[in-house]
Amino acid sequence: MTSIETGGNPPQHNQQPPALSTEPRWKRQPFANHWRSHAEDFDACKIGMWLFLTTEVLLFAGIFVAYAVFRMWYPEAFANGSHHLDVHWGALNTVILLISSFTVAASIRNAQLNQQGLLKINLSITLVCALLFMIIKFTFEYAPKWAEGKRPGVWFSYPFAADPNEHIWWSLYYTATGIHALHVLIGAGVLFVVLLKSFKGWYGPKHYTGIEVAGLYWHLVDVIWIFLFPLLYLIH
Amino acid sequence: MSTIDTHNAGQHAHHEGSYLTPHGGALATIWNWATTIDHKKIGVMYLFAIMFMFFLGGVAALGVRAELWEPTRVVTEVVEGETVTSYTGQVLVNLAPIVPGVESEGGISAGMNIYNRAFSLHGIIMTFMVIVPSVPASLGNFFLPLMLGAKDVAFPRLNLMSWYIYVFGSIFAVAAVVMGGVDTGWTFYTPYSTMTDADHLRVVFVILAAFILGFSSILTGLNFIVTVHKLRAPGMGWFDMPLFVWAMYATAIIQVLATPVIGITLLLLIFERVFHVGIFDPRMGGDPVLYQHFFWFYSHPVVYVMIIPAFGIINEIIPVHARKKLFGYRAMAFATLGIAAVSFLVWGHHMFTASGELAAMIFSALTFLVAIPTAIKVFNWVATLYKGSIAFNTPMLYALSFLFMFTIGGLTGLPLATLATDLHLHDSYFVVAHFHYVMMGGTIIAFVGGIHHWWPKMFGKLYNERWAIVGCVLVFIGFNLTFFTQFILGTRGMPRRYASYPDEFQFLHQLSTIGSWILGIGFLIHLGVFVHSLVAGRKAPENPWGGLSLEWETESPPIEHNFHHEPIVKHGPYDFDTVQPPHTDPAEFPMPEPLRPGERTH
Ligand code: HEM
Ligand SMILES: [Cu+2]
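Residues numbered from 1 in each chain as written. Chains lettered and ligands numbered in written order. Predicted model: local features only at pLDDT ≥ 70, side-chain atom pairs only at ≥ 80, totals over all residues. Heavy atoms only, no water.

Check the secondary structure of chain B and you find 17 helices and 2 strands. The contacts of chain B with a sequence gap of at least 6 include a subset with a gap of at least 24, amounting to 81%. Accessible surface computed for chain B: about 22,400 Å², of which carbon and sulfur atoms make up 69%. (Helix = DSSP H or I, 4+ residues; strand = E, 2+ residues; numbered from the N terminus. Contact = heavy atoms within 4.5 Å. Areas by Shrake-Rupley, 256 points an atom, 1.4 Å probe, with all protein chains shown as cover.)

Next comes the structure, spelled out in structure tokens:
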């Protein structure tokens, strides 16, 4: 291996920004002492989040593979099962998530531009969207279907099933949407914490790591739904 | 270049204590450790937690071997003109003290149950709680930042969280054992994992434990990837990194890409068991082989999560203790990445007997590919040793053991990857011997070697070399006696996971059991050596072996923030031919003679 001479940075300790207590919180926020600068800290957090999103995609990939296998085996069961879903609710939920993705992206911009008021409004709209999504899912989708006996596996008791394997379809439907719903809840929880922190002035120009990574996560929740929606609601 | 980089010797701006310096009284110190975000302390906590789990898994293994001392003989008697066969169960019931909760049932089937639980317990603990986290979580956590010249890993708090998740998951698993254990095997194949013992939640507990442990593994991997990308010291390019760091990096990639798949698999399995959703149940139109595909899609790559860190350790031990520049640095780095990549394409070789012919042929061919980068590595290690000045101390002896046993383990993988031979060897003791040669003979042996190599740095104390060598030799003999016999048993038709066997296998089984005792004694000696070193060991110098990577530049044990000044990298980690190692005396660690014109080392 060749030896390397760098210009030789003088040995340095962190140059933390001066902390004046009258300044807004985001200006006083120090970075952890193993980094050389805020920018490095921010980059690392972003790479970390992208890696985490990769793991989430792979988690859902498992469900998609199971879906592909069983759809190939039982196309009839899937077509029949899908007919029982209401495209309108599904589409509405898609729109709701798209709006929330937009508002969360806007809130990052607000932080960059130091628009503290808009920042809170946009985050709040995102949270309301998450809530709406969950309400629609539970009251208009899960509850009536469960009542009619369209349930997963051995719980399946719908008397008019056209295909003997329809319970498999419902198993996958509940698994996929259930795990997705769990992610909506987690994402909303994280965004709620971000909202609370934004009231304390944690975010501002060049200091918006928290919002940025929470927003990335929220986009992922949205993207997964964009795949689930056609696969579950729009097949024949 | 021949001058050493002395910028951080001498003139310390301020005196910072070792990371082991206690903070206040006992309680304060415990609290300080429990809430620490120092990667070194977290690494040490992982090390002790993993050693403890290794002990538990080891006791279960000794129990399994003790049961196999005698075959559970079949007694044939004639009752009212009919021939009736029955088993005598006394031997099996000897396992009861190790696996609590089932002794009340009594009789032979209870005995068999206990046996199934003991080997499941052993397999689950050893894979999910010992080998998978072993090297990265303990030595990796401690040394990755040091070797990079960094103050910590990228996300220190996440690091602490992953330790707590590990402990939490392990408690789950141990709780299931205390409540009576599970008999699914470490692979959780359906229907064993979904139908047996429907009356209790223990199986769910253990599956959840594996799921939780997966999280801890993902967090460690994620942390390491970002650390390697963002925290290399000034002057350290990718190809100036020690190969241990490369190994941690490749491992981390596999951890991040494969573990989520086992996560969803285990979730689906829990749904299957608890809610009977039917996707793995053929009676409901589901497919148990789908479970196997999912499982091995994770679990084959994960065998490389187990072995690549071991490669990394060997890559450090051999050049340092042979005082020779590593042969083929780049080939090593690329072979590591190559193995990581191919590992995702070969999961089907665990299911040759359960899959279609074409698929089996493709998987077989791909599996042979793995052997190529592996062989490159073994070749390079041997070439590095050639004409080196080898110190026969414990780390080096462990590295040599590794070379021997890993080569056997890898070569015996080949008949298993061959369709015609695997038909006979699948699910036999041959497979058991194969994976013990790679996992124990490979990973655990390298791990123990690595612990000795870095022990003086971690704790600032020397260990007793003579007794450590005794332990090492016993482990070597015991291991080979235990597992080589199992290759022979396997080729003669002894199937895995049975509590009983025909009488003609008894001699080999007994040899194997005796081997397991020798192995156990070897490890106990190591334990004694470690305790003695902590209590009464001599103080270790900064660089006891004359290593060149950055961890040897700081003090032993390292100071709280690792380095007094951010190190600047001016030489490679294996440039023993041109650089005098830091903090060493040229009389003790002379540089190799310069080559005469025309002379070559290789
Ligand atoms: C040259 C490299 C290797 C080859 C060609 C290879 C090949 C194989 C094959 C074909 C099997 C399936 C045998 C059967 O079930 O019939 C197998 C099983 C296994 N191998 Fe390897 N292997 C290699 C290296 C490793 C390494 C490095 C590890 C771990 C550190 C490992 C761990 C295992 C385990 C745990 C099993 C058995 C799993 C079980 O059924 O419980 N192998 N190997
Ligand atoms: Cu494999």
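Next comes the rest of the account.
Okay, the confidence of the model for chain A next. Any region with low pLDDT has predicted coordinates that should not be read closely. The predicted model of chain A averages 87 in pLDDT, with 91% of residues at 70 or higher. Here residues 1-14 of chain A is modelled with pLDDT under 50, and outside its nearest four sequence neighbours on either side it reaches 36 contacts, counting other chains as well. (pLDDT = per-residue confidence, 0-100.)

With 53 residues of chain B at the contact, the number on the chain A side is 47 residues. Summing both sides of the interface, chain B and chain A together bury roughly 4,100 Å²; the carbon and sulfur share of this comes to 69%. Linking chain B with chain A are 2 salt bridges. Note that Glu566(B) is salt-bridged to Arg36(A), the shortest N-O span being 2.8 Å. Connecting chain B to chain A are 10 residue pairs in polar contact (both at pLDDT 80 or more). Among the secondary structure elements, those contributing two or more residues to the side of chain B that touches chain A are α8 (202-230), α9 (243-275) and α10 (288-322) of chain B. With 10 residues, the single largest contributor to the side of chain B that touches chain A is α9(B). (Buried area = accessible area lost by both parts, 1.4 Å probe. Salt bridge = Lys/Arg side-chain N within 4 Å of Asp/Glu carboxyl O. Polar contact = N/O pair within 3.5 Å; in protein donor to acceptor, adjacent residues only side chain to side chain.)

Right, let's get into the coordination of the copper ion (ligand 2). Residue and element names in this part refer to chain B. Distances from the copper ion (ligand 2) to its protein donors, namely His300 (ND1), His349 (NE2) and His350 (NE2), fall within the range 1.8 to 2.0 Å. Of note, the donors binding the copper ion (ligand 2) are all from one chain and are spaced H-x48-H-H. In this structure, the copper ion (ligand 2) lies 4.6 Å from the iron atom of ligand 1. With a relative accessible area of 23%, histidine 350 lands in the partly exposed category. (Donors = N, O, S within 2.8 Å, 3.2 Å for Na, K, Ca; no water. Buried < 20%, exposed > 50% of the residue type's maximum accessible area, 1.4 Å probe, protein only.)

All names here are of chain B. Every one of the 20 residues lining ligand 1 counts as a neighbour, but Asp422, His426, His434, Phe435 and Arg496 are closest to it. Contact between ligand 1 and histidine 434: a nitrogen atom at 2.9 Å from a side-chain N or O atom of the residue. Where the shell around ligand 1 is concerned, the elements lending two or more residues are α10, α13 (394-417) and α15 (429-459). Sorting elements by how many residues they give to the shell around ligand 1 places α15 first, with 5 residues. Partitioned by chemical class, the residues of the shell around ligand 1 number 11 nonpolar, 7 polar and 2 charged. (Near = heavy atom within 4 Å. Nonpolar A, V, L, I, M, F, W, Y, C, P; charged D, E, K, R; others polar.)

This next bit is on the coordination of the iron atom of ligand 1. Ideal coordination angles are 109.5 degrees for a metal with four donors arranged tetrahedrally and 90 or 180 degrees for a metal with six donors arranged octahedrally. Donation to the iron atom of ligand 1 from the protein comes from one atom only, His434(B) (NE2), at 2.2 Å. You can see His434(B) is positioned in helix α15.

Moving on to the environment of Phe211(B). Residue and element names in this part refer to chain B. Examined against the element boundaries, phenylalanine 211 turns out to sit in helix α8. It is 19 Å that separates the C-alpha atoms of phenylalanine 211 and histidine 200, two residues lying 11 residues apart in sequence. Among all residues touching phenylalanine 211, those that are not within four sequence positions of it are Gly263, Leu266 and Leu267.

Residues and elements named next belong to chain B. Tracing the backbone shows aspartate 38 in the loop between α1 (26-34) and α2 (39-67). Take aspartate 38: its relative accessible area is 10%, and that puts it in the buried class. Only 2.8 Å separates the side chain of aspartate 38 from the backbone nitrogen of lysine 40, close enough to count as a polar contact. If sequence neighbours within four positions are ignored, aspartate 38 has contacts with Tyr19, Asp152 and Glu560.

Cis rather than trans, the peptide bond between Thr190(B) and Pro191(B) has omega equal to 0°. Its place among the elements puts Pro191(B) in the loop between α6 (156-178) and α7 (192-195). The linkage connecting Ser556(B) with the following residue, Pro557(B), adopts the cis geometry, with an omega of -10°. In this model, Lys206(A) sits at a positive phi of 70°, which is unusual for a non-glycine residue. Inspection of the secondary structure puts Lys206(A) in the loop between α6 (166-199) and α7 (209-233).

A full pass over the atoms with the stated rule returns 69 aromatic pairs over all chains. Taking 4.4 Å as the distance between ring centres and 15° as the angle between the ring planes, the aromatic pair formed by Trp455(B) and Phe530(B) counts as stacked. Remark: Phe530(B) occurs in helix α17 (residues 506-536) and Trp455(B) occurs in helix α15; sequence separation between them is 75 residues. When sorted by exposure, Trp455(B) lands in the same class as Phe530(B), which is buried. Sitting above the plane of the Tyr158(A) ring, Lys150(A) keeps its charged end 4.9 Å from the centroid. The aromatic ring of Trp202(A) is capped on one face by Lys197(A), whose charged end is 4.1 Å from the ring centroid. (Phe/Tyr/Trp six-rings, centres within 6.5 Å; stacked < 30°, edge-to-face > 60°. Lys NZ or Arg CZ within 6 Å of the ring centre and 35° of its normal.)

Before going further, it helps to examine the nonpolar core. All names here are of chain B. Membership of the largest hydrophobic core comes to 232 residues, with the highest contact counts inside it found for Leu139, Phe188, Ile308 and Phe402. Ignoring anything within four residues of it in the chain, the contact list for phenylalanine 402 reads Ile307, Ala310, Phe311, Ile314, Trp381, Thr407, Gly441, Gly442, Ile445 and Ala446. Ranked by size, the runner-up nonpolar core spans 12 residues in total, among them Val64, Leu68, Leu489 and Leu508. (Core = buried A, V, L, I, M, F, W, Y, C linked by side-chain atoms within 4.5 Å.)

To continue, consider the pattern of salt bridges. Pairing between side chains of opposite charge can happen when the charged atoms of each approach one another. Taken as a whole and assessed by the stated rule, the structure comprises 10 salt bridges over all chains. Between Glu148(A) and Lys150(A) there is a salt bridge, and its shortest N-O distance comes to 2.4 Å. Measuring nitrogen to oxygen at the nearest pair gives 3.1 Å for the salt bridge that ties Asp575(B) to Lys325(B). Of this pair, Asp575(B) sits in the segment after α17 while Lys325(B) sits in the loop between α10 and α11 (329-342), placing them 250 residues apart in sequence. If you follow the salt bridges from partner to partner, you end up with Arg36(A), Glu40(A) and Glu566(B) in one network.

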